[in-house]
Structures are given as C-alpha cells and as structure tokens.
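Coordinates in review
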Amino acid sequence: MALTQRLEFRQSQSLVMTPQLMQAIKLLQLSNLDLTTFVEEELERNPLLERANDEPPAGEAPAEAGQYSDNDDFGGGSSDEPGGGPGEAFEPGQEEWMSKDLGTRAEIEQTLDTGLDNVFSEEPAEAAARNAQDAAPTTYTEWGGGASGDEDYNLEAFVAAEMTLGDHLAEQLSVAFTAPAQRMIGQYLIDLVDEAGYLPPDLGQAAERLGASQKDVEDVLTVLQKFDPPGVCARNLSECLAIQLRELDRYDPAMQALVEHLDLLAKRDIVSLRKICGVDDEDIADMIGEIRRLNPKPGMKFGSARLQTMVPDVYVRPGPDGGWHVELNSDTLPRVLVNQTYYSQLSKKIGKDGDKSYFTDALQNATWLVRALDQRARTILKVATEIVRQQDGFFTHGVAHLRPLNLKAVADAIQMHESTVSRVTANKYMATNRGTFELKYFFTASIASADGGEAHSAEAVRHHIKQLIDSEEPAAILSDDTIVERLRASGIDIARRTVAKYREAMRIPSSVQRRRDKQSALGNVLSTALSDRSRNTEPA
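Residues numbered from 1 in each chain as written. Predicted model: local features only at pLDDT ≥ 70, side-chain atom pairs only at ≥ 80, totals over all residues. Heavy atoms only, no water.

**Concerning the nonpolar core**
Residues M430 and F442 are the most contacted members of the largest nonpolar core, which totals 24 residues. Going through the elements one at a time, β2 (314-318), α18 (353-390), α19 (392-397), α20 (407-414) and α21 (418-425) are the ones with two or more residues in this core. If you tally residues by element for this core, the top one is α18, at five residues. Sequence-distant contacts of M430, defined by excluding residues within four places in its chain, comprise P312, V314, V316, A384, V388, F395, G435, T436, F437, L439 and F442. (Core = buried A, V, L, I, M, F, W, Y, C linked by side-chain atoms within 4.5 Å. Buried < 20%, exposed > 50% of the residue type's maximum accessible area, 1.4 Å probe, protein only. Helix = DSSP H or I, 4+ residues; strand = E, 2+ residues; numbered from the N terminus. Contact = heavy atoms within 4.5 Å.)

Following this line, the structure appears as structure tokens:
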C-alpha cells in the first residue's frame, strides 16, 4: 500500500464552546448574590459598562454647586444678574475695590485711624497656621475619623470587629502560660477548636507534630478546659458537661454516672438511669433539669457565622382569573447598559491599534453580558411558569397535592435541555402563598399507587407520614408496619424501609422512643396537675 499526500476539503458541523456561551452557562446557575458580585466585578473591569440608574432622568440637569447655596437665608441677589454665580451677587463692587488706588502708607494709616503694624501684625502664613492650630475641629474628617464627604465613606468600617472564639481563648492563653513551649502547644490546640468549642477526639497527632510528649499536651489541655466559656476545649459532649458541672461544684458521683450515660437520657430510659445513679425519682428529675440548663455548644456565642436573608428570585401571586401570576423579583436583576456614546467618542480619538482592539473587545464583552443577563431572566421566568403550571394543586390545596415531577417533564414542555433546567433551578427560590421554596423542592420522585392510579409525590408521602405520627395517641403509638398499612389503605404503595428512611430524614424517632417521650410528657403533666390540686385542697 503506497503512502501519498493529498489535499481534501471537508465540511462538518460541531458545537464550539465559545467564551460567550460559557459565560451564559455560568450566569444561568449563579444565585442572585453571586450574580451581583460577578456584575460588580465586570463594572470595575469594563469601562463601557454602566448601571442603568447611573444617568440622571431625562430633562433633569445634574446638580450644580450653586444649587445648594444659602441664597434663601439671606434673601440677596439673583443668579440672573451679570456675573453669573450666586456668590458674585453679594459683591457688586469687587472690581471697583481691586482697581482703586489706596494711596501712600500715611494716607492708609490716616484712613484706618491706626498703624499698619497693628492691622498686619503677622505674616499671612504665620497667622493662618496659628488660627488653624487654635481652632476646634468642626467636621468628622478634622477629628481624624475619615473622609465623610467621600463617596467611599462607609460607617460600617468603624464598627468594632466581632470577637471570635479563637481570639478570646488566645487572650487567656497569654496570661495562663509563660513558657514558650506551653504557649505553642496551647495555640496549636486553640487552632483545632471548632465553632462549637470542641476539640477532635484524638490528640495523638498533635503531640507528634509538635514534637512534645502526650503528657505535656494533656497538661496544657487541662488548663485550656478551665478557660471561659465553661465547657470549651472538650472532646465530646460528656466531657463538656462535666467541665461545666465542675465549674458549678455539682459534679458528684451521682451526676458523674448520669453524664457517663447520656445515651440512656436521650432514650428517656429514666428507670435505668435511676438505678445507675442510685437516686429516687425526685433527685433524678432535678439532675436532668441541671443537665438541661447547661450549654452543649459553649463556643457558638463567639463569632458564629451570620445568616444571610434569603431573597426570592420569583414571586407567585393569585391572579384575578383564578390562576397564578408569575413574575421575577426585579431587585435581584442587575441593570447594566452599554455606553455607546462613550465608545463613539473614544473611537474618534484613539489612534493606537492596541487601544482600538481593547475597546472593541470591551464593547463586545459588554454587549454579550447584557444579552446573557436578559436571556437568564427570560429562562428563569419560563421555567418557573412551567413549574407553577405543573404543580397547580400544590399552590391551591397544599403539599398533600404535590405531584411527581422531574427535569425532563419541564424541559420537554418548554423545549429546552434537561441540563439547562437543572442550572436554572439551582440556588433559585420562589415566594408563594404557602411560603418560600427552592425551585428544586418541586421536583420529587414518584411513588406508585396501590390501586394502579396516578402516582404520588415523595414529598406528599412524607407529609402524610408526618401527619399520621403527629396525630397518634400516647397509648397507641404507630409502628412503621402500621404506617405502611395505613398508607396502603390510602392508595400509596410503599415499603417499610422507605417509611423508615423518610421518618429518619424528618428526624422523627422510632416508635419505641416516641412512646417513652409521650408517656414521660404525660406523666409530667399528671404529676403537675396532682401537685396543683393538692396545694389547692390544703386547709388554710
């Protein structure tokens, strides 16, 4: 077979991910906060981009300096007089004073009725410096606080920084230890403390990394556990509670036994706890009350992460015709424009090819960004409208009527790809008459019907399970098998393991623990009622 060289022409089509397309895909999945940050960065980077509300309204001239003068307070001059500015109206004879000959020194002293040395006793620079030094500051800027007239002036820059748990512990560390080795071990352990105030259970690696013995680390840890807040630097919940009880001088043998068996307390196994602690019912109740008054997360009051308010991207309101009106939240949509006027002025003055290329690219990027933002808003509105149409029963009757829905159903209805719908529903929220939900909340798996009818939504089934458990009586606690039977009677074909999975996902305890909890709560109510009754029947 001979090898030859030849030229061929071939025509084919392929999808190329241009930078503009990649940018549009990226914008589609950003939340409103991330989108605002991205647009702010583009506004700083691209000189041809500007906010839509930067320009003054049509027919309104920008404010001039003389517009805020005190003309009305004095009732003087009009700005229509020759000379123009309002400040010039108060000095009509300024040119006359400047052109007038003041005469010789003797004539001036005779006119002023005093010597010139008394009038100009100091040099102008010296007098100005002395007056500036003696004068009291009149503005916040002169006091050294910052430029209050600057556009970048921000009062939040002067707010005291919030004290973090690490800073609070580091301040106590510098007082508790004087040896450099102990301070180094202590600082290393403080860096391992999480926001709740706990250390990792195993500190063996700390000793290895620091090149110290395990005893030295334990000695430093013993001192750290005496720091404020009480309970900090513990390695587990039992140790945290024990530290706080020692601080209160309440860590006796009975309380120690209770702290070491917190698993029984979580199960409400009061009978076993009473036997282990060797106390009666009244004492065990008081001990449990003391445990409840302790702080299981002592570090949370120091520099905890601030929660940001969730802002919905879409509003759904009842329409006048009985339907639903879907609209975008305009506050979450950045408004940017391309400054074509600025570009046309620059294109006439730019002579270098490099500058022309830079501004041409800037114009293209700005145009693409505006189009991508508009396309993003339209796509979100289209997907949200289809979700509302598919889940009309939820908005009308509640979560029990939530239908099974997947991405493919919405994508086929609006003629888009599933990946596009997935990006649109990520980090987006919808405010409805039943609360605010993430768009992904409306996409749930389907559970077959027992009678072969329409499938049920997994979220609706979870809601049904929660309703059954909330309405159960203390004497008739529903087991998972009983819940399965009742759901099948309602037309929902579900397995027992699925019920257990949904129950655990909703953090609902098992039937055994629910029985203990409700019987314990019922016993507390009865004992309180009996004590109140006996108190009321005592003779006066």
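Moving on from the model shown.
**Here we look at the environment of R376**
Following the sequence through the fold, R376 ends up in helix α18. Looking at R376, the relative accessible area reads 3%, which means it is buried. Note: C-alpha distance between R376 and A24 (352 residues apart in sequence) is 7.6 Å. Contacts of R376, omitting those with residues within four sequence positions, involve L27, L28, L30, S31, L35, L333 and K428.

**Topic: the packing of helix α17 (residues 340-349) against α18**
Across the interface, α17 lies against α18 with an axial gap of 11 Å and an inter-helix angle of 165°. In this view, α17 runs roughly antiparallel relative to α18, as classed from their interaxial angle. Crossing handedness for the pair α17 and α18: left-handed. Residue-level inspection shows Q340, Y343 and L346 of α17 in contact with α18, the latter providing F359, T360 and L363. By residue class, the composition of the contact of α17 with α18 is four nonpolar, two polar and no charged. (Axes fitted to C-alpha atoms, helices over the stretch in contact; angles between N-to-C directions. Parallel < 35°, antiparallel > 145°, perpendicular 65-115°, else oblique. Left-handed = near helix turned anticlockwise from the far one by under 90°. Nonpolar A, V, L, I, M, F, W, Y, C, P; charged D, E, K, R; others polar.)

**With respect to helix α24 (residues 496-505)**
By the burial criterion, the buried members of α24 are T498, V499, A500, Y502 and R503. Looking one or two residues beyond α24, the residue adopting positive phi is R507, at roughly 60°.

**A look at the sheet that holds strand β5 (residues 429-432)**
Spatially, the four strands line up as an open sheet ordered β3-β2-β5-β6, and their pairing is mixed. Each edge of the open sheet carries a strand with a single partner, namely β3 (324-328) and β6 (435-438). Sheet twist, expressed as the average angle between the axes of neighbouring strands with direction ignored, equals 20°. Across four bridges, β5 lies against β6 in antiparallel orientation. Looking at β6, one finds that T432 is bridged to G435. On top of the sheet, α18 reaches β2, β3 and β5; it is set at about 160° to β3, its chief contact. (Pairing = 2+ DSSP bridges.)

**A few points about the pattern of salt bridges**
Scanning the entire structure with this criterion turns up 20 salt bridges. With a closest N to O distance of 2.9 Å, R250 and E290 form a salt bridge. Within this pair, whereas R250 is found in the loop between α12 (237-247) and α13 (253-259), its partner E290 is found in helix α16 (residues 281-292), the two being separated by 40 residues in sequence. Between K466 and D470 there is a salt bridge whose closest N-O contact spans 3.0 Å. Placement of both K466 and D470 in helix α22 (residues 458-470) is noted, with a separation of four residues, approximately one turn of the helix. Residue class for K466 comes out partly exposed when judged on its relative accessible area of 39%. D470 sits in the exposed class, given a relative accessible area of 52%. In the salt-bridge network here, residues are joined through shared partners; they are R6, E8 and R10. (Salt bridge = Lys/Arg side-chain N within 4 Å of Asp/Glu carboxyl O.)

**A closer look at the packing of aromatic side chains**
Across all of its chains, the model carries ten aromatic pairs by this definition. Considering the side-chain rings of W324 and F395, the 5.7 Å spacing of their centres and the 50° angle between planes classify their relative orientation as tilted. Of this pair, W324 sits in strand β3 while F395 sits in helix α19, placing them 71 residues apart in sequence. Aromatic side chains F437 and F442 sit 6.0 Å apart centroid to centroid with 65° between the ring planes, which places their arrangement in the edge-to-face category. Taken individually, F437 and F442 each receive the classification buried, so the pair is uniform in this respect. (Phe/Tyr/Trp six-rings, centres within 6.5 Å; stacked < 30°, edge-to-face > 60°.)

Any functional reading would require information that these geometric values do not contain.
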